[in-house]
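Below are the chains, spelled out letter by letter.
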Amino acid sequence: MINQWIRNNEKAALILTVIRFYLGYTWLTSGLGKVTGGFEVNGFLMGAIGKAEGAHPAVQGWWALFLEQIALPNHELFAFLVMWGEVFAGIALILGLFTNIAALGGILMNFAFLFSGTTSTNPQMVILTVFLLVAGANAGKYGLDRWVLPHLPRKIAWPKRKTLAH
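Here the structure is a predicted model, which is why all the values come from computation and not from measurement. (Residues numbered from 1 in each chain as written. Predicted model: local features only at pLDDT ≥ 70, side-chain atom pairs only at ≥ 80, totals over all residues. Heavy atoms only, no water.)

Some thoughts on helix α7 (residues 122-135)
Between its terminal C-alpha atoms α7 stretches 20 Å, which fits the 20 Å expected from 14 residues at 1.5 Å a residue. Every buried residue belonging to α7 is among Asn122, Met125, Val126, Thr129, Leu132 and Ala135, and all of these are buried. Residues of α7 that are buried sit in contact with α1 (2-8), α2 (10-36), α5 (75-95) and α6 (99-115). (Helix = DSSP H or I, 4+ residues; strand = E, 2+ residues; numbered from the N terminus. Expected span 1.5 Å × (residues − 1). Buried < 20%, exposed > 50% of the residue type's maximum accessible area, 1.4 Å probe, protein only. Contact = heavy atoms within 4.5 Å.)

Digging into the packing of α2 against α7
At a minimum axis separation of 10 Å, α2 and α7 run at an interaxial angle of 130°. Relative to α7, α2 is oriented oblique. Taken as a pair, α2 and α7 cross one another with a handedness that is left-handed. On the side of α2, the interface is formed by Leu16, Ile19, Arg20, Tyr22, Leu23, Thr26 and Trp27, while α7 contributes Gln124, Met125, Leu128, Thr129, Phe131, Leu132 and Ala135. (Axes fitted to C-alpha atoms, helices over the stretch in contact; angles between N-to-C directions. Parallel < 35°, antiparallel > 145°, perpendicular 65-115°, else oblique. Left-handed = near helix turned anticlockwise from the far one by under 90°.)

Notes on the environment of Ala48
As for its placement among the helices and strands, Ala48 is situated in helix α3 (residues 42-50). The class for Ala48 is buried, based on a relative accessible area of 1%. Residues Ala48 and Glu68, spaced 20 residues apart in sequence, show a C-alpha to C-alpha distance of 9.4 Å. Contact partners of Ala48, with chain neighbours within four places excluded, come to Val59, Leu67 and Ser116.

Points about the pattern of salt bridges
Applying the stated rule across the entire model yields two salt bridges. In this structure, Glu10 engages Lys141 in a salt bridge whose closest nitrogen and oxygen atoms are separated by 2.5 Å. Here the residue Glu10 occupies a position in helix α2, and Lys141 occupies one in the loop between α7 and α8 (145-148), the gap between them amounting to 131 residues. Exposure remark for Glu10: the relative accessible area of 41% places this residue in the partly exposed category. Of the charged contacts in the structure, one is a salt bridge between Glu86 and Lys34, with a shortest N-O distance of 3.2 Å. Here the residue Glu86 occupies a position in helix α5, and Lys34 occupies one in helix α2, the gap between them amounting to 52 residues. For Glu86, a relative accessible area of 1% translates into the label buried. (Salt bridge = Lys/Arg side-chain N within 4 Å of Asp/Glu carboxyl O.)

Remarks on the side chain of Glu86
Separated by 3.2 Å, the side chain of Glu86 and the backbone nitrogen of Gly31 make a polar contact. Non-local contacts of Glu86, meaning those with residues more than four positions away in its chain, are made with Trp27, Leu28, Ser30, Gly31, Lys34, Leu81, Met109 and Phe113. (Polar contact = N/O pair within 3.5 Å; in protein donor to acceptor, adjacent residues only side chain to side chain.)

Here it is, written out as structure tokens:
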């Protein structure tokens, strides 16, 4: 019942638009601050790796290993991906263009920050983003998705579900 409402209701689409604008503004301003402020990711990565120590680590060992072995040696690439990922996710969410893809990118960044031991606004952004992802196309109904998505080719043929006979 709630799933149908969030995916199809006009009032839900309006609420989702407000959520989309909030998340988009948050991502865009954060990303622009990094792009214009000489963002460097080394200190953040080293701090996250350091949080994997002790009796009750804030960062799991497997994530610290990823940061140490993959992210840190490629810190320029990760800085670029974070800065521009935030900017593009923000713009896409504000415009309602490819809303679900932008929301997915945003939630992946939120989880990366959470895995790295940073909370800030990430938990609330995750919760709000889940609503956008569950809503599907209704999240971008009052945005450019309304006009763009119908013109995209449908190349994926989903198999029909088999139902059990009663």
